[in-house]
Amino acid sequence: MNTVLQARPRNFVSTPTLERTSLRALRYLQSGYSIHLKGPAGTGKTTLALHLADLLARPIMLLFGDDEFKTSDLIGNQSGYTRKKVVDNYIHSVVKVEDELRHNWTDSRLTLACREGFTMVYDEFNRSRPEVNNVLLSALEEKLLVLPPSNNRAEYIRVSPHFRAILTSNPEEYCGVHGTQDALQDRLITINMPEPDELAQQQILVQKVGIDSSAALQIVQLVKAFQSSVAPDMVSSLRPSLMIATICNDHGILPLAENADFRDVCSDILLARSKEPAPDATRHLWNLFNRFVVSQAALVNDLTLKPEAQPAARFHGEEEDDAPLQPLEALVESAEDDVAIDDEPVVEAQDQDLQTEDLAESISPEAQSETIVEAPAEAESLPEEVLKVQVNPNDDIETRIFDYLDTTGTASLVNIEGALDLNRFQAVNAVKSMLDQGLIEKQETDGQLQGYQLSSN
Ligand SMILES: Nc1ncnc2c1ncn2[C@@H]1O[C@H](COP(=O)(O)OP(=O)(O)OP(=O)(O)O)[C@@H](O)[C@H]1O
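Residues numbered from 1 in each chain as written. Predicted model: local features only at pLDDT ≥ 70, side-chain atom pairs only at ≥ 80, totals over all residues. Heavy atoms only, no water.

- The name given to the protein in an unreviewed UniProt entry is Gas vesicle protein GvpN, and the organism recorded there is Leptolyngbya subtilissima DQ-A4.
- Entered under Subcellular location (unreviewed entry) in the UniProt record, the comment concerning the protein runs "Cytoplasm".
- The record held by UniProt for the protein lists under Catalytic activity (unreviewed entry) the comment "ATP + H2O = ADP + phosphate + H(+)". (UniProt positions renumbered as here; feature names shortened; annotations may be inferred.)

Quick look at the structure:
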């Protein structure tokens with residue numbers, strides 16, 4: 001039995017890049033062509049294929065490529081037979097017996113889709129052997145589907161003008177994937193699907209999982225940095241990012257690199273994806289955790305603190321031999337590259353011996369965002385009028401900060417956090433982004449950071 005899926009809106013997140021790709025694909029489909037979405041695993045090909053099928057508003061037949069497929073799995077086969085026996089004894093001395101045996105034909109999904117004009121989504125079609133997919137050639141070009149010879153049914157089916165095929169495939173270097181015959185490639189319009197960019201992945205995480213946008217960015221950047229160094233171009237970082245975000249969201253795990261639970265989730269999801277030996281991959285991931293911690297801490301320190309008030313967190317690998325860490329100075333340097341911090345060392349010497357587990361134990365999840373940095377004492381006693389600025393909570397965070405600074409003139413990071421009810425992630429990321437965009441600038445007196453103000457340019 002073939003199950004037909006009805007078109008219905010799905011949880012598709014559209015970003016400007018995806019919007020353009022969808023538009024192109026839709027044009028080709030509307031002009032009568034079938035399309036082929038090609039790209040590494042996890043780039044969103046299947047999701048886009050189903051979204052396009054939804055947009056075509058025809059019933060959908062979904063097929064998954066399989067090495068075991070036979071042509072009959074696509075077009076159908078003879079299944080059983082019907083026997084008809086007529087015994088004519090109208091004249092008692094004459095008996096006429098007619099015995100007829102007929103094979104029953106059962107359509108398979110391609111046949112049904114061609115006959116009824118459905119949209120066929122053939123996911124990972126190149127996992128089926130190329131000769132099996134040959135039946136598609138005449139269906140796509142001559143609009144005829146050829147069935148095996150038979151006495152009791154037509155051997156050709158005229159393909160409905162509404163029929164469209166949307167094929168997806170992974171690159172041919174992948175395990176278990178066959179090459180595509182040129183003739184089939186020639187009949188399709190192929191759209192290459194690269195890995196979604198950082199912004200797109202962030203939006204997908206925010207909309208699909210419901211996670212905070214700065215936390216989503218943190219996860220995407222961490223996973224991207226890990227994937228790109230251990231398995232470049234082979235798989236997208238979107239799927240592991242979604243897994244991490246969903247688990248963190250479901251279990252209230254703060255996606256901070258200094259949070260032991262978060263590190264465990266990341267290790268379980270990411271390490272097995274690496275082609276490196278396990279100790280190398282582990283070391284790699286720990287270096288990334290360190291970089292993220294120091295980068296955040298350096299930024300926050302630069303944004304808010306005097307050097308002597310910097311309890312920045314830093315980890316050592318659990319097994320020193322397996323995961324030697326970069327020298328502290330190197331970590332600070334890499335953070336400086338990221339966030340252009342001042343020359344002051346961001347991590348105090350006495351912090352260097354802080355062990356990972358010590359840190360994990362010493363902080364509760366709720367308190368972890370606070371471990372990056374402590375708010376300076378003077379920030380707690382801000383004048384009431386500074387804190388009570390009316391802002392629209394639905395505004396984008398950067399707009400809210402912009403409006404706030406417009407009203408107050410100058411404000412420290414802690415002021416901004418408190419007045420706009422932001423967490424440390426949101427405040428740091430937004431301020432960093434606004435600094436990068438030149439929307440705001442630092443206000444310093446005698447080399448000491450006083451706060452932030454709207455850019456004078
Ligand atoms: N635009 C999007 N909106 C919502 N979710 C998306 C989007 N793009 C991708 N995803 C999610 O990302 C994950 C991977 O997407 P998908 O399965 O479509 O990738 P794929 O390229 O088909 O992967 P594979 O080649 O391994 O089959 C899925 O969980 C999917 O829901």
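So much for the structure itself; the text now carries on.
## A look at the site of the ligand
Phase 1: Within the structure, the ligand sits among 19 residues, and Val13, Lys45, Thr46, Thr47 and Lys208 are positioned closest to it.
Phase 2: Contact distances for the ligand include 2.8 Å between an oxygen atom and a backbone N or O atom of Gly42.
Phase 3: The backbone of Gly44 places a nitrogen or oxygen atom 3.0 Å from an oxygen atom of the ligand.
Phase 4: Taking 630 Å² as the accessible area of the ligand by itself, protein coverage stands at 87%.
Phase 5: Sorting the residues of the shell around the ligand by element identifies helix 2 (45-56), helix 7 (198-209) and helix 9 (238-251) as the ones contributing at least two each.
Phase 6: Within the shell around the ligand, the residues separate by chemical class into eight nonpolar, seven polar and four charged. (Near = heavy atom within 4 Å. Polar contact = N/O pair within 3.5 Å; in protein donor to acceptor, adjacent residues only side chain to side chain. Areas by Shrake-Rupley, 256 points an atom, 1.4 Å probe, with all protein chains shown as cover. Helix = DSSP H or I, 4+ residues; strand = E, 2+ residues; numbered from the N terminus. Nonpolar A, V, L, I, M, F, W, Y, C, P; charged D, E, K, R; others polar.)

## What about a nonpolar patch on the surface?
Phase 1: A cluster of nonpolar side chains, contributed by Val87, Val95 and Val97, occupies part of the molecular surface with about 260 Å² of accessible area.
Phase 2: Inspection of the secondary structure puts Val95 in the loop between strand 3 (76-88) and strand 4 (96-107). (Patch = residues over 30% accessible without salt bridge, like charges linked within 9 Å, V, L, I, M, F, W, Y side chains within 5 Å. Salt bridge = Lys/Arg side-chain N within 4 Å of Asp/Glu carboxyl O.)

## A few points about the sheet that holds strand 9 (residues 188-192)
Phase 1: The five strands lie next to each other as 2-5-8-1-9, forming an open sheet whose pairing is parallel. Edge positions in the sheet fall to strand 2 (60-64) and strand 9, since each of these pairs with one other strand and no more. Mean inter-strand twist for the sheet, computed between neighbouring axes without regard to direction, equals 20 degrees.
Phase 2: Inspection of the sheet shows strand 2 paired to strand 5 (residues 119-123) by five bridges, in the parallel sense. Opposite Phe64, over in strand 5, you have Asp123 as the bridge partner.
Phase 3: Across the sheet, helix 2 lies against strand 1 (34-38), strand 2, strand 5 and strand 8 (164-169), angled at about 170 degrees from strand 8, the strand it touches most. (Pairing = 2+ DSSP bridges. Axes fitted to C-alpha atoms, helices over the stretch in contact; angles between N-to-C directions. Contact = heavy atoms within 4.5 Å.)

## Considerations on the nonpolar core
Phase 1: Residues Leu205, Ile211, Ile219, Ile244, Phe262 and Leu270 are the most contacted members of the largest nonpolar core, which totals 31 residues.
Phase 2: No other element matches helix 8 (residues 213-230), which puts eight residues into this core.
Phase 3: With 28 residues, the next largest nonpolar core counts Ile75, Cys114, Phe125 and Val159 among its residues. (Core = buried A, V, L, I, M, F, W, Y, C linked by side-chain atoms within 4.5 Å. Buried < 20%, exposed > 50% of the residue type's maximum accessible area, 1.4 Å probe, protein only.)

## A short note on unusual backbone geometry
Phase 1: For Glu124, which is not glycine, the phi dihedral falls at a positive 50 degrees.
Phase 2: You can see Glu124 is positioned in the loop between strand 5 and helix 5 (135-141).
Phase 3: Its identity as a non-glycine residue notwithstanding, Asp421 has a phi of 55 degrees, on the positive side.
Phase 4: Looking at the secondary structure, you find Asp421 in the loop between helix 18 (413-420) and helix 19 (424-437).
Phase 5: Since its relative accessible area comes to 67%, Asp421 is described here as exposed.

## Looking at the environment of Cys114
Phase 1: Following the sequence through the fold, Cys114 ends up in helix 4 (residues 109-116).
Phase 2: In the structure, Cys114 is positioned 31 residues away from Leu145 in sequence and 7.6 Å away in space, judged by C-alpha atoms.
Phase 3: Sequence-distant contacts of Cys114, defined by excluding residues within four places in its chain, comprise Ala139, Leu145, Arg158, Val159, Ser160 and Phe163.

## Observations concerning the sheet that holds strand 12 (residues 448-454)
Phase 1: In spatial order, the strands read 10-12-11; together these three strands make up an open sheet with antiparallel pairing. Edge strands, defined here as strands with exactly one partner in the open sheet, are strand 10 (410-411) and strand 11 (440-445).
Phase 2: Note: strand 11 against strand 12, six bridges, orientation antiparallel. Considered in strand 12, the bridge of Glu444 is made with Leu449.

## So, a negative patch on the surface
Phase 1: On the surface, Glu141, Glu142, Asp182 and Asp186 cluster together to form a negatively charged patch.
Phase 2: If you trace the backbone, Asp186 turns up in helix 6 (residues 182-187). (Lys, Arg positive; Asp, Glu negative; His and termini not counted. Charge placed at Lys NZ, Arg CZ, Asp CG, Glu CD.)

## Things to note about the packing of aromatic side chains
Phase 1: Overall, the coordinates contain two aromatic pairs when judged by the stated rule.
Phase 2: Ring geometry for Trp286 versus Phe289: centroids 5.8 Å apart, planes at 90 degrees, classification edge-to-face. Taken together, the positions of Trp286 and Phe289, both in helix 11 (residues 278-304) and three residues apart, correspond to about one turn of that helix. In this structure, Trp286 and Phe289 share a single accessibility class: buried. (Phe/Tyr/Trp six-rings, centres within 6.5 Å; stacked < 30°, edge-to-face > 60°.)

## Some points on the side chain of Thr15
Phase 1: Following the sequence through the fold, Thr15 ends up in the segment before helix 1 (16-30).
Phase 2: Residue classification places Thr15 among the buried positions, given a relative accessible area of 2%.

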